[in-house]
Amino acid sequence: MTNQPISNGQRTNATFELSKKNAWLLWCSQVINIVSLSWEISHWMLAILALCLGWQALLINVKANHKSSTVSPWFLTFFAVGGCIAIAITARSNGVLLSMIHLLSFAYVLKAFEIKQRKDFYQMFLLGLFLLATALIFRQNLAFSLTMLLALILNLVVLQQVFSPSVAISTSSKKVVVLLLQSALLAIVLFIVFPRLSPFWQVPSAQSAQTGLSDEVSPGDIANLALSTDLAFRVDFKDSNIPPYSELYWRAMTLEKYNGRKWSRAKTLNADVNQSSFIPSTTGPMISYDVIVEPSFQSWLFGLTVATTSDPNLRLLNDYTMQSRTMLSQIKQYSVQSFLQAPMDITLSDDIKQRNLAISPKSNPRLEKLALRLKQQFPNITQRSNYVLALFKEQQYFYTLAPPLLTNNSLDQFFFDTKAGFCEHYASAYTYLMRASGVPARVVTGYLGGEYNKVIDNSNAQTAAQGGYLSIYQYDAHAWSEIWLAGIGWQRVDPTAAVDPQRVESGWSNALLAQQSTLNNDLLSLYQFKRFAWLNTLRLKLDALDYQWTRWVLGYSNAQQSDLLNRWFGKNVPWKNAAIIAGSLIGTLLLLILFNRGRLQWFSRTKVEPWLALYQQLLKKLAKKGLTKPENITPSAFAQIVGQEFPALSADFTRFTLLLESLMYQSLNSAQHQKKQTQLQKCYDQLSQALQ
């Protein structure tokens, strides 16, 4: 029967089956790829994915025992349709992006049940890479990026093992790492010099992915947020001195509307994001700083009041807050100039005044009664405010992350009965009292303080002397009040300072730290590391590395690229940009070619066994005598030729050849191996002497 060539169609339709080792490798890569998105996937979908992965593990084990492991196509179809219906039902609450991720993850785990051809494996491999890329939409910090790099290596090792199943996993891993390092060189060059292009499409918003403060606050909301150790934003003051802790009030939102249960933003402030920015009046000294804010899938930004900016992508509102013109779906860096001593609204329009005097009638009757009494007792607004703060300080009020539940968020119940709450409780009660007594007042939410981390920059003596940046976490979320005084404008009043002065002056008290550690479900909470000095120092160093990653890699913008290229190559012109890009690519490719040639030569030198090296040296000496070994004959056959050409060398060369073949092909213990290698060396010395 004659052999006929296999057509491409036949190759495509050929049965494809993974070995047990490769099947388990693929399963491990599936688990890691799904875990990378586990924070974004609903609990019910995670349960389905875990069920599918467990099912696959069982099938792999069944195949290893040579049992039937076929899955009914009808059952898979029914299961897939049911999952798609569940995703469609929850799409309204999850949003477009998360629904797409649910569908992609579900398809990824189901695809493993129908790997019958090589193209099925390729499709699943590409789906896995797409999942890893999708995970970077939500998290891009240094630790997560390195984790995704390790996951990518594992996925590529699986591909390498399928092509070369006989190669050890360690060897495949080394090859993948070398290839990634070579490609990383080209990627770095392209990252630095290639023009920063705008995305070709807009990633849809993830409704359930919003983090941080909300534009509505009721008692208990910020206390719940304070349990989170997630990073909110970082601030680099550069050449400016960092203000005292008690001045670090990072303004986010102004809440002027109260309905008896919660505070919210006034609808008049929800203007078109495309309209021009509010221009505040500024006086006094100025401080400049850069803010790097984490993705929150909201639009609110942070600054010290009174804040100004020249960034066209930001908008200043007339309540002295800042807003991004686009949703914060990725890390954003912006520059701010703040005037801490500048007044806010020395004059107030009637509409704004009435809005900040409004209360919900009969929602808190006992507070209203107290406010009327205070208005008569203290005609001076400052004295009235100080008296309310003195009540918080002198009576048995407690600052706690676990306040008692209030009926309908009653401020009366908090102020007169429970007397235990977090910052929003005290700011709400104080603001309500001021409004009820005839003083315009409002609640402001944002963050207070920050953790200082020193970063030394030796390139600048002044920066090196001051250095450092602030990390503001979600647990730094805070609420305070502002009252309006004629001739002065809006003045900040923080009732928390009366109840827990340490919180405002230097940070959380030991009691709050203990509460946060107890209530936080995160076993790796930052506060767990703060208890140990050496671990906290290590944590700060790792955070400094992540800050540099965020600033120089994630925050690498068109402006930074232009400045860098201008410093390196002079004035930026189109032809010079093209030359830089072309030269960089050519230079990188030449380096890779030289590296590969050098690596192959080094590899060939270092992989030659000692006995083969002796044999090659003998062949070189015989070649000088006019006898060259043909490439297509064995060492034994060549030994016969040597015996015919040089009869005096016949016995020694034959003995050398037998020892060589024994070392190459026989299974020897260490003692036998050493003995034969010694005999080979002696035989080589005799032959070398005879050939001279």
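Structure: see above.
Bear in mind the structure is a predicted one, so any value in this text is a computation, not a measurement.

1. Remarks on the overall build of the protein chain
Reasoning step 1: Summing up its helical and strand segments, the protein chain has 25 helices and 18 strands in all.
Reasoning step 2: In the protein chain, buried positions account for 44% of the 692 residues.
Reasoning step 3: Contacts in the protein chain between residues at least 24 apart in sequence constitute 73% of all its contacts with a sequence separation of at least 6.
Reasoning step 4: When the accessible surface of the protein chain is summed, it comes to about 36,900 Å², and 59% of that surface belongs to carbon and sulfur atoms.

2. Here we look at the nonpolar core
Reasoning step 1: Counting residues in each nonpolar core, the largest one holds 77 residues, and the members touching the most others are Phe233, Trp250, Phe392, Phe415 and Phe422.
Reasoning step 2: Broken down by element, the residue count for this core peaks at nine residues, all from helix α13 (residues 423-436).
Reasoning step 3: Judged by nonpolar contacts, the second largest core, of 39 residues, contains Met45, Ile101, Phe121 and Leu131.

3. Observations concerning the packing of aromatic side chains
Reasoning step 1: All chains considered together, the criterion is met by 37 aromatic pairs.
Reasoning step 2: On the basis of an interplanar angle of 20° and a centroid distance of 6.3 Å, the ring pair of tyrosine 122 and phenylalanine 163 is categorised as stacked. On the criterion of sequence distance, the pair formed by tyrosine 122 in helix α5 (residues 118-135) and phenylalanine 163 in helix α6 (residues 142-163) is long-range, its members being 41 residues apart.
Reasoning step 3: Between tyrosine 258 and tyrosine 432, the aromatic rings sit 5.7 Å apart at their centres with planes inclined by 75°, giving edge-to-face as the arrangement. Separated by 174 residues along the polypeptide, tyrosine 258 in strand β4 (residues 257-258) and tyrosine 432 in helix α13 bring together distant segments of the chain.
Reasoning step 4: Residue tyrosine 258 is classed as buried on the basis of its relative accessible area, which comes to 9%.
Reasoning step 5: An aromatic cluster is built from Phe392, Tyr397, Tyr399, Phe414, Phe415, Phe416, Phe422 and Tyr426, whose rings are joined through pairwise contacts.

4. Details of the packing of helix α2 (residues 20-35) against α5
Reasoning step 1: Taken N-terminus to C-terminus, the directions of α2 and α5 make an angle of 30°; their axes are 9 Å apart at the nearest point. As summarised for this structure, α2 and α5 are arranged roughly parallel, according to the angle between their axes. As for the relative orientation of α2 and α5, their crossing is left-handed in sense. On α5, the residues touching Leu26, Gln30, Asn33 and Ile34 of α2 are Phe121, Met124, Gly128, Leu131 and Leu132.
Reasoning step 2: In terms of residue class, the contact of α2 with α5 is made up of six nonpolar, three polar and no charged.

5. Side note on the pattern of salt bridges
Reasoning step 1: Counted under the stated rule, the structure contains 14 salt bridges.
Reasoning step 2: Measuring nitrogen to oxygen at the nearest pair gives 3.0 Å for the salt bridge that ties aspartate 417 to arginine 366. Note that aspartate 417 is positioned in helix α12 (residues 411-418) and arginine 366 in helix α10 (residues 365-377), a separation of 51 residues in sequence.
Reasoning step 3: When its relative accessible area of 46% is taken as the criterion, aspartate 417 is described as partly exposed.
Reasoning step 4: The partner of glutamate 451 in a salt bridge is arginine 539, and the shortest N-O contact between them spans 2.6 Å. Note that glutamate 451 is positioned in strand β15 (residues 451-453) and arginine 539 in helix α19 (residues 533-554), a separation of 88 residues in sequence. Like glutamate 451, the residue arginine 539 is buried in the burial classification.
Reasoning step 5: One continuous salt-bridge network, built from bridges that share partners, spans Arg251, Glu256, Arg355, Arg442 and Glu482.

6. Things to note about the sheet that holds strand β2 (residues 231-236)
Reasoning step 1: Strand order in this open sheet of six strands is β8-β11-β6-β2-β16-β15, and the pairing throughout is antiparallel. Looking at the sheet topology across the chains shown, the edges are occupied by β8 (307-308) and β15.
Reasoning step 2: Here β2 pairs with strand β16 (residues 469-473) via four bridges, running antiparallel. Across the sheet, residue leucine 231 finds its bridge partner in β16, namely tyrosine 473.

7. Focus on the pairing of strand β11 (residues 332-338)
Reasoning step 1: The two faces of β11 differ: Lys332, Tyr334, Val336 and Ser338 on one face are buried, but Gln333, Ser335 and Gln337 on the other face are not.
Reasoning step 2: Inspection of the sheet shows strand β6 (residues 287-293) paired to β11 by seven bridges, in the antiparallel sense. Bridge pairing in β11 places aspartate 290 opposite serine 335.
Reasoning step 3: In this structure, β8 lies alongside β11, joined through two bridges in antiparallel fashion. Each bridged residue has a counterpart across the sheet, and for threonine 308 the counterpart in β11 is glutamine 337.

8. Some thoughts on the sheet that holds β4
For sheets, the rule is that strands pair by backbone hydrogen bonds, running either parallel or antiparallel.
Reasoning step 1: Strand order in the open sheet formed by three strands is β1-β5-β4, and the pairing between neighbours is antiparallel. Every other strand in the sheet has two partners, leaving β1 (216-217) and β4 as the edge strands with one partner each.
Reasoning step 2: In terms of strand pairing, β1 meets strand β5 (residues 263-264) through two bridges, oriented antiparallel. Residue valine 217 lies in a different strand from β5, and its bridge partner there is tryptophan 263.

9. Section: the side chain of serine 145
Reasoning step 1: Examined against the element boundaries, serine 145 turns out to sit in helix α6.
Reasoning step 2: Overall, the relative accessible area of 16% leaves serine 145 in the buried class.
Reasoning step 3: For serine 145, the side chain forms a polar contact with the main-chain oxygen of asparagine 141, separated by 2.9 Å.
Reasoning step 4: Beyond its immediate sequence surroundings of up to four residues, serine 145 is in contact with Leu136, Gln140 and Trp549.

10. Brief notes about a nonpolar patch on the surface
Reasoning step 1: On the surface, Phe532, Trp534, Leu538, Leu542 and Leu545 cluster together into a nonpolar patch covering about 570 Å² of accessible area.
Reasoning step 2: Relative to the assigned elements, leucine 545 resides in helix α19.

11. Overview of the environment of isoleucine 87
Reasoning step 1: Positionally, isoleucine 87 belongs in helix α4 (residues 73-111).
Reasoning step 2: We classify isoleucine 87 as buried; its relative accessible area is 6%.
Reasoning step 3: Sequence-wise, isoleucine 87 and leucine 103 are 16 residues apart; in three dimensions their C-alpha atoms are separated by 7.0 Å.
Reasoning step 4: Among all residues touching isoleucine 87, those that are not within four sequence positions of it are Trp44, Met45, Ser99, His102, Leu103 and Phe106.

How each quantity is defined
Residues numbered from 1 in each chain as written. Predicted model: local features only at pLDDT ≥ 70, side-chain atom pairs only at ≥ 80, totals over all residues. Heavy atoms only, no water. Helix = DSSP H or I, 4+ residues; strand = E, 2+ residues; numbered from the N terminus. Buried < 20%, exposed > 50% of the residue type's maximum accessible area, 1.4 Å probe, protein only. Contact = heavy atoms within 4.5 Å. Areas by Shrake-Rupley, 256 points an atom, 1.4 Å probe, with all protein chains shown as cover. Core = buried A, V, L, I, M, F, W, Y, C linked by side-chain atoms within 4.5 Å. Phe/Tyr/Trp six-rings, centres within 6.5 Å; stacked < 30°, edge-to-face > 60°. Axes fitted to C-alpha atoms, helices over the stretch in contact; angles between N-to-C directions. Parallel < 35°, antiparallel > 145°, perpendicular 65-115°, else oblique. Left-handed = near helix turned anticlockwise from the far one by under 90°. Nonpolar A, V, L, I, M, F, W, Y, C, P; charged D, E, K, R; others polar. Salt bridge = Lys/Arg side-chain N within 4 Å of Asp/Glu carboxyl O. Pairing = 2+ DSSP bridges. Polar contact = N/O pair within 3.5 Å; in protein donor to acceptor, adjacent residues only side chain to side chain. Patch = residues over 30% accessible without salt bridge, like charges linked within 9 Å, V, L, I, M, F, W, Y side chains within 5 Å.

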